[in-house]
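# Notes for the structure review
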Amino acid sequence: MDGQVRVLDCTLRDGGHIVDGVFGENVIRYVIKKLVEAGTDIIEVGFLWEKYLGPDSARYYTIEDVKRVLPKDRGRSHFSLMADYIDLSHLEDCDGTVEYIRLSFKRSRLQWALDTLDILNAKGYKVYINPVNCNVYSDEEYLSVIKQANEHGAYGFSIVDTFGVLRNKDLAAKYYLVESNLDKDRVIGVHLHENLGLAYSLAQHILDIKSPLRQVTIDGSLYGMGRVPGNLGIEKIMDHCNVTYGSGYNLAPAYDAIDDYIMPIFKQVPWGYMVPYAISAQNDLHRTYAEYLMGKWKLKTSDINAILAQVSHDEAELFNQEYIEELYRQYLDVPVSEEAVTALGQRLSGKQVMILAPGQSVKEHLSEVQQYATRDDVVCIAVNFVPDFLQADMVFFSTIKRYETEGLRVDRDKTQVIVSSNLLRHVTEADY
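Owing to the predicted nature of the structure, the values given are computational and were not obtained by experimental measurement.

In terms of nonpolar packing, the biggest core is built from 92 residues, with Leu103 and Ile129 touching the most fellow members. Considering each element in turn, this core owes the most residues, 8 residues, to helix α9 (residues 251-268). Residues in contact with Leu103, not counting those within four places in the same chain, are Ala83, Leu88, Trp112, Ala113, Thr116, Leu117, Leu120, Val127, Tyr128, Ile129 and Asn130. Membership of the second largest hydrophobic core comes to 21 residues, among which are Ala373, Leu390, Ile400 and Val417.

In structure tokens, the structure reads:
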């Protein structure tokens, strides 16, 4: 494999999504230093940005700004930056400090990528074309991008699984399409996300099937740090390459960087495999749809799955908040029969109704509450909890999570259950 497989670390770039790029200057310097000591082939030190953001940010306006954080001893490591839909005509000519620039773009911004590729080629950089969301391209569309990458002299072409949807056969299909059509002296890159928890196995698979004549760059980040659910852990693929190919990566410095600076961030904002993101991948959807629905307190994961399954293909690539909000509202809008409303009205007719919600005021007035609840003309309804200080006549549930926890404590011989209509997909034994 001598030189045919390289690992690229994107902790400071993709991991920057977790902290808005603001790691702190000392952390940026330390992480780069440890990645150099580990023997990382390419270190992507951050994003190119529209303006200078200060010394604590891993987002840079010029190469001169990058030089400030690079160690004197750079070992065998090379350095890269990524750009996404910005004007780079101001950038200095390549002097070897930053050797690679990768251009990330959606389908609608291909022309920007090609124009910027031409600008950067003229400045002497080695440029990767990184069309994101590879799964949304038809084979014909993907072939067109590959062809234009060849024509414009791209150094490399990356397979980018933005939605984290690829499985072995899918990645193989994309690889063989690129392998067969990308000029033979160009590099193939692979960037994997952890939606399905498959990034490590997919990385091994691509190395198993790659042409021995083709150089491949595998992206990873320390402990998989990246926008939730994260990326391939670079320490994992380094270890695999050491065991399989004798690559000679030194894992100890990578572990030190994880312990000292990555884990403290992880404890505050965890990333990694999570079921809602897996569901978004299973439905070939933008991850933000799952994120948005995770914030809806009335939903279980099975509900999220049911809503995501309704997202049309036309809305899958770009997150549309108004669209998903409408699907959410439609999902909750389960009609209630007039008979159910009438029956509840008859049960409460002529009664005083005491509604109990969990909270401090109940504790402060406990004796009054208990005394009032014993009156013959009072119906006591507890909301989303089962009180242990009195026997409620009814318990009302509006969320399935509350029903499935508190509902188990209801004595159905003494207490009736009312549910809101959004629970009717899950609950069949409610009284009202």
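There is about 660 Å³ of room inside the largest pocket. If you trace the largest pocket, you find 33 residues lining it, with His17, Asp84, Ser104, Val132 and Thr162 closest to the centre. Contributing elements (two or more residues each) for the lining of the largest pocket: β2 (42-48) and β5 (100-105). For the lining of the largest pocket, the element with the highest residue contribution is β5, accounting for 3 residues. Class assignment for the residues of the lining of the largest pocket results in 12 nonpolar, 10 polar and 11 charged.

This paragraph deals with the pattern of salt bridges. Oppositely charged side chains are able to pair whenever their charged atoms sit close together. For the coordinates displayed, the defined rule picks out 27 salt bridges. Across the pair Lys300 and Glu404 runs a salt bridge whose closest N-O atoms are separated by 2.8 Å. Taken together, the residues span a long stretch of sequence, with Lys300 in the loop between α11 (287-294) and α12 (301-308) and Glu404 in helix α17 (residues 400-406) at a distance of 104 residues. On the accessibility criterion, Lys300 (23% relative accessible area) is partly exposed. Look at Glu404 and you get partly exposed, because its relative accessible area is 38%. One continuous salt-bridge network, built from bridges that share partners, spans Arg13, Asp14, Glu44, Arg102 and Asp219.

Regular strands have side chains that alternate between both faces of the sheet. Pairing of strand β12 (residues 394-397) with strand β13 (residues 416-419) involves 4 bridges; the strand directions are parallel. Bridge pairing in β13 links Phe396 to Ile418. Handedness of the crossover is the feature at issue here: the chain leaves β12, passes through α17, returns alongside β13, and the resulting connection is right-handed.

Residue position: Glu44 is located in strand β2. At 3.3 Å, the side chain of Glu44 forms a polar contact with the side chain of Ser80. The residues contacting Glu44, other than those within four sequence positions of it, are Leu8, Asp9, Cys10, Leu12, Arg13, Ser80, Leu81, Met82 and Arg102.

Moving on, we come to the side chain of Thr217. Looking at the secondary structure, you find Thr217 in strand β9 (residues 216-220). Those residues in contact with Thr217 that sit more than four places away from it in its chain are Arg6, Leu8, Ile42, Tyr128, Val187, Ile188, Gly189 and Val190.

This next bit is on the sheet that holds β13. If you walk across this open sheet you meet the 4 strands as β10-β11-β12-β13, and the pairing is parallel. Strands at the two margins of the open sheet, each flanked by one partner only, are β10 (352-356) and β13. Within this sheet the neighbouring strands show an average axis-to-axis angle of 25 degrees, counted without direction. Here 3 bridges tie strand β11 (residues 378-383) to β12, and the two strands are oriented parallel to one another. Residue pairing in the sheet places Val383 in a bridge with Phe396 of β12. Across the sheet, helix α16 (residues 366-373) lies against β10 and β11, angled at about 140 degrees from β10, the strand it touches most.

Cut-offs applied
Residues numbered from 1 in each chain as written. Predicted model: local features only at pLDDT ≥ 70, side-chain atom pairs only at ≥ 80, totals over all residues. Heavy atoms only, no water. Core = buried A, V, L, I, M, F, W, Y, C linked by side-chain atoms within 4.5 Å. Buried < 20%, exposed > 50% of the residue type's maximum accessible area, 1.4 Å probe, protein only. Helix = DSSP H or I, 4+ residues; strand = E, 2+ residues; numbered from the N terminus. Contact = heavy atoms within 4.5 Å. 1 Å grid on protein atoms, 1.4 Å probe; cavity = no way out; pocket = protein on both sides within 12 Å on 5 of 7 lines; lining within 4 Å. Points joined across faces, edges and corners; volume = space filled by probe spheres on them. Nonpolar A, V, L, I, M, F, W, Y, C, P; charged D, E, K, R; others polar. Salt bridge = Lys/Arg side-chain N within 4 Å of Asp/Glu carboxyl O. Pairing = 2+ DSSP bridges. Right-handed = clockwise from strand over helix to strand, strands pointing away. Polar contact = N/O pair within 3.5 Å; in protein donor to acceptor, adjacent residues only side chain to side chain. Axes fitted to C-alpha atoms, helices over the stretch in contact; angles between N-to-C directions.

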